[in-house]
Amino acid sequence: MEQEEEFLRKVHWLLAALGMAGLLTAAAASYAVARGLTRPIQRLTLAAGRIAAGDLTTRVEVRSPDEVGRLGQDFNRMAEGLRDSREALERLNEDLENQVAQRTTELGASLERLQESYDRLRELEKLRDNLIHMIVHDLRTPLTAIKGFMELLEITSGSELPEAGRGYIPSA
């Protein structure tokens, strides 16, 4: 009976050791599987952070054809699309800046021509004003003299003028 108890104790210890070994093996296998699932997700998370920071050249290495691998492929396609979009936007922005610079130059030249035309117009207005002043002065001087002579004619010989001629003197 003692041998049987000894045998049972050994079996008991053996089963306990096997159970512990199985438990440790299961824990190690679980850790490896979990690590295999979380490591690619961690790499995706780090890559997403780099892209969010502006590094659109970031890509993830795809190591498996499963869902995580497909997620990595989609991530890489998305990053490529973002990079292409940014490059297109930068090209459009550069084109727009060039157009604005060109239009600004053209407007500057137009403004300069307009200012020159305005200055010339002001000059012509001054010349016109001077001409009108001279014409008015030149017309006023002889008219004043004629009026004076007509008044003198009326005073000195108003009754000696024929009737037809006297009618013109008071209207002057």
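It should be noted that the structure appears before, not after, this text.
Residues numbered from 1 in each chain as written. Predicted model: local features only at pLDDT ≥ 70, side-chain atom pairs only at ≥ 80, totals over all residues. Heavy atoms only, no water.

> Could you give an account of the layout of surface pockets, with specific residues and numbers?
Reported here for the largest pocket is a volume of approximately 180 Å³. If you trace the largest pocket, you find 14 residues lining it, with Pro40, Arg43, Arg63, Ser64 and Val68 closest to the centre. Sorting the residues of the lining of the largest pocket by element identifies helix H1 (2-52) and helix H2 (67-157) as the ones contributing at least two each. At five residues, H1 tops the list of elements feeding residues into the lining of the largest pocket. Its residues placed into classes, the lining of the largest pocket shows six nonpolar, four polar and four charged. (1 Å grid on protein atoms, 1.4 Å probe; cavity = no way out; pocket = protein on both sides within 12 Å on 5 of 7 lines; lining within 4 Å. Points joined across faces, edges and corners; volume = space filled by probe spheres on them. Helix = DSSP H or I, 4+ residues; strand = E, 2+ residues; numbered from the N terminus. Nonpolar A, V, L, I, M, F, W, Y, C, P; charged D, E, K, R; others polar.)

> Could you give me a rundown of the side chain of asparagine 76, with the residues and numbers involved?
Its place among the elements puts asparagine 76 in helix H2. Once residues within four sequence positions are removed from consideration, asparagine 76 is found in contact with Arg59, Val60 and Val62. (Contact = heavy atoms within 4.5 Å.)

> Would you mind going over the nonpolar core in detail, with residue names and values included?
The biggest cluster of nonpolar side chains holds seven residues, and these are Leu44, Ala47, Ile51, Leu56, Val60, Phe75 and Ala79. Those elements that provide at least two residues to this core are H1 and H2. With three residues, H1 is the single largest residue contributor to this core. Residues contacting isoleucine 51, with those up to four places away along its chain left out, are Leu56, Thr58, Phe75, Ala79 and Leu82. (Core = buried A, V, L, I, M, F, W, Y, C linked by side-chain atoms within 4.5 Å. Buried < 20%, exposed > 50% of the residue type's maximum accessible area, 1.4 Å probe, protein only.)

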